[in-house]
Amino acid sequence: MAILNTQALVLKGWKLGETSKIVALYTRDYGKIKVVAKGARDPKSQYRGCLEPLTHLNVIYYDKRTRDLQLLSKASIVRSPVQIIGNIEKTTLGLAMAELVSRAVEGEETLPPLFDLLSDSLQTLDSANGFLEGIIWYFETHFIRLMGYEPVWETCMACKDSLGAEGGFFHPDSGGLFCSRCGGKRGGFAVSGETLEILFWLQRCLLREVTALNVQPGQKAEIRKMFDLYFRTHIDHRKSLNALNIYYSLEGCA
Ligand SMILES: [Zn+2]
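Small disclaimer: the values here were computed from a predicted structure and weren't measured. (Residues numbered from 1 in each chain as written. Predicted model: local features only at pLDDT ≥ 70, side-chain atom pairs only at ≥ 80, totals over all residues.)

*Asks:* Tell me about the nonpolar core, residues and numbers included.
*Replies:* One finds Leu25, Ala96, Met97 and Leu118 to be the most contacted residues of the largest nonpolar core, which totals 64 residues. When we break this core down by domain, the ones giving at least three residues each are domain 1 (2-80) and domain 2 (83-253). In this structure, Ala96 is in contact with Ile136, Leu241, Ala243, Leu244 and Tyr247, ignoring residues within four places of it in sequence. (Core = buried A, V, L, I, M, F, W, Y, C linked by C-beta atoms within 7 Å. Buried ≥ 20, exposed ≤ 12 C-beta atoms within 10 Å, placed from the backbone. Domains from an automatic or database assignment. Contact = placed C-beta atoms within 7 Å.)

Structure follows, in structure tokens:
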């Protein structure tokens, strides 16, 4: 058994017994783990207020490779998602990012850049105003890249011609788009040139710039659908992200 110390982001938690808790963490150095936090629901617990989803922690835990559940020894808060907790739109977007990591990352696969992407995206979401959905688009764009599935948005996969203002036909299975000449018979999802321009920009812009995006409803619908198709084709076939569906349903209530 080893005693390990790392930074971690809380993905989700479950009650255990009378006073304890199981918490899923995405750690910077040891990938995704589950820990038992003994007595965490006791009002006098050292973990009080620490283990809420999206909290950035420094943790010390006892690690035994042969076990699915590790034992938490200490947790201290690096950053609490204060503004996210008080805002339902930010909460659903933050939980959607956690859900994506939770569903797509296998066990203890270690990828520090993904930890940094999630941490930076949550920090930006916490303080941001403006077009908040841009933050999850940025997160999804770079998540797909880090998982090794980065699509090419600017050229046709068959003839390599630039797609430009004409747009193209998206084939999530093939990992990109075909132009109207090459893609006509292959089916696929038609995407406008304006939407492709935004997706191309998301691969290159800075995280803090995305909330300034001004997106037309048609482009927004296309981008949502493309990320969903991509996620379900390459990462998790079962269903769309639950938290993101809740976020979309809030829009209808606004
Ligand atoms: Zn073509």
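Anyway, onward from the coordinates.
*Asks:* Please set out the domain arrangement of the protein chain residue by residue, giving values where relevant.
*Replies:* Many authors give the size of an interface as the accessible area that is lost as the parts come together. Split into domains, the protein chain comes out as domain 1 (2-80) and domain 2 (83-253). One C-alpha centre belongs to domain 1, the other to domain 2, and the line joining them spans 29 Å. Residue composition of the side of domain 1 that touches domain 2, by class: eight nonpolar, two polar and five charged. (Nonpolar A, V, L, I, M, F, W, Y, C, P; charged D, E, K, R; others polar.)

*Asks:* Quick one: what's the story with the packing of helix H3 (residues 112-127) against helix H4 (residues 133-146), residue by residue and with numbers?
*Replies:* At a closest axis distance of 10 Å, the pairing of H3 and H4 adopts a crossing angle of 180 degrees. If you check the angle between H3 and H4, you find them roughly antiparallel. Residues Pro113, Leu114, Leu117, Ser121, Thr124 and Leu125 of H3 form the contact with H4, whose participating residues are Ile135, Tyr138, Phe139, His142, Phe143 and Leu146. Residues of the contact of H3 with H4, tallied by class, amount to nine nonpolar, three polar and no charged. (Axes fitted to C-alpha atoms, helices over the stretch in contact; angles between N-to-C directions. Helix = DSSP H or I, 4+ residues; strand = E, 2+ residues; numbered from the N terminus. Parallel < 35°, antiparallel > 145°, perpendicular 65-115°, else oblique.)

*Asks:* Break down the sheet that holds strand S2 (residues 20-27) for me, with residues and values.
*Replies:* Around the barrel, which closes on itself, the five strands sit in the order S1-S2-S3-S5-S4 with mixed pairing between neighbours. The sheet shows a mean angle of 50 degrees between the axes of neighbouring strands, taken without regard to direction. Two strands pair when backbone bridges link them, and strand S1 (residues 2-16) and S2 are joined in this way by eight bridges, in the antiparallel orientation. Each bridged residue has a counterpart across the sheet, and for Ala8 the counterpart in S2 is Thr27. (Pairing = 2+ DSSP bridges.)

*Asks:* How would you summarise unusual backbone geometry if you had to cite specific residues and measurements?
*Replies:* Look at Leu54: it is not a glycine, yet its phi comes out positive at around 80 degrees. Classification of Leu54 as buried rests on a count of 23 C-beta atoms within 10 Å. Although it is not a glycine, Lys160 adopts a positive phi angle of roughly 70 degrees. Summarising the element assignment, Lys160 is placed in the loop between strand S6 (152-156) and strand S7 (168-171). Judged by the 10 C-beta atoms lying within 10 Å of it, Lys160 is exposed.

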